[in-house]
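Notes for the structure review
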Amino acid sequence: MKIGFLIILILVSSSCKDTPENNSDSTKTDRFELLPYPDSAEQEKYLKSQNLNSFLENPIDLQKFKSKKNRNVTTSVNNGLKYQYHPAISDSIFYGYNFITDSIGPKGINEIVVFKYGENKHRFEDESEILIEMRIFNEDSDLGKANLIGLLKTELESEFGNDYLTFDNGIAYSNKNKILILQMDSSKVKSYRYIKLNTEKIDIELIEQIIN
């Protein structure tokens, strides 16, 4: 009887090892072991792309910047340039804000171009205006994250990655209809233009049209 009982016990034990539940656990364990670890290089590339897109979407807090420059600005009105984004809104204008900085280089003062419409379009305090372009030639700490003058190319790549177009004297980052064109001198940012464009087709021909 004892021998018979032992045989039954062995058979039951063997059957338990082959239950679906145990097989499921084994399969799960194997599956997790086969999953690759996240690619750190791809993660880094993704994060830099996010940094770039965030910058291009909103490079500056325009109203905060204007409040700091209230007494150091002149304005001008123009019809907008062909490559600039031009919303289909009637009774509108393009406004240029020319900001004085502590040091003005040979290319002149920094300019920010906005699209204005509505009853407040001639007021400096207008908060409905749309940022269209930034033409930056001089350092200005009030620009915050958009104070790019003097940065090394390697610093730009560290922040925004190296997915950019290259032209004779610089590089250009873009996303959808927004572009950042950086003129370089000895691998340092000499000046730059941020533009909201009327197209998402961005190539060297368009860049040359803008900078020439």
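It should be noted that the structure appears before, not after, this text.
One numbering rule holds for all chains: residues counted from 1, following each sequence as written. A pLDDT threshold of at least 70 governs which residues receive local features in this predicted model, and a stricter bar of 80 or more applies before side-chain atom pairs are shown or counted, although totals over entire chains, interfaces and linings include all residues. Excluding hydrogens and water, the side-chain values take into account all heavy atoms of the structure.

**Here's the deal with the packing of aromatic side chains**
Note the threshold: Pairing of aromatic rings covers Phe, Tyr and the six-membered ring of Trp, with a centre-to-centre limit of 6.5 Å; geometry is then stacked below 30 degrees between planes, edge-to-face above 60, and tilted otherwise. Numbering goes from the N terminus for both helices and strands, where a helix is a DSSP run of H or I of at least four residues and a strand is a run of E of at least two. Buried means the residue's accessible area, taken with a 1.4 Å probe over protein chains only, is under 20% of the maximum for its type, while exposed means over 50%, and partly exposed covers the values in between.
With the rule as written, the count across this model stands at nine aromatic pairs. For the ring pair Phe-55 and Phe-160, a centre distance of 5.4 Å and an interplane angle of 50° mean the geometry is tilted. Residue Phe-55 is found in helix H3 (residues 40-57), and its partner Phe-160 is found in helix H5 (residues 153-160); the two are separated by 105 residues along the sequence. Here Tyr-97 and Phe-124 contribute two aromatic rings whose centre-to-centre distance is 5.4 Å and whose plane-to-plane angle is 80°, an arrangement assigned as edge-to-face. With Tyr-97 in strand S2 (residues 92-99) and Phe-124 in the loop between strand S3 (110-117) and strand S4 (130-136), this pair connects stretches of sequence that are 27 residues apart. A single burial state applies to Tyr-97 and to Phe-124, both of which are buried. Here the aromatic cluster, defined as three or more aromatic residues joined through ring pairs, consists of Phe-65, Tyr-95, Tyr-97, Phe-99 and Phe-124.

**Structural notes on H3**
So the rule is basically this: Multiplying 1.5 Å by the residue count of a helix minus one yields the expected span of that helix. Relevant arc is that of directions from the helix axis to the C-beta atoms, nothing else. Note on definitions: a residue-residue contact is assigned when non-hydrogen atoms from the two residues lie within 4.5 Å.
Taking 1.5 Å of rise per residue, 18 residues should cover 26 Å, and H3 covers 26 Å from first to last C-alpha, within 8% of that figure. Along H3, the residues that are buried comprise Lys-48, Leu-52, Phe-55 and Leu-56. Around the axis of H3, the buried residues are gathered within 95° of arc, so they sit on the same side. Across from the buried face of H3, at angles greater than 90 degrees, the exposed residues are Ser-40, Tyr-46, Leu-47 and Glu-57. Of the surrounding secondary structure, the elements contacted by the buried residues of H3 are H5, strand S6 (170-175), strand S7 (178-185) and strand S8 (188-196).

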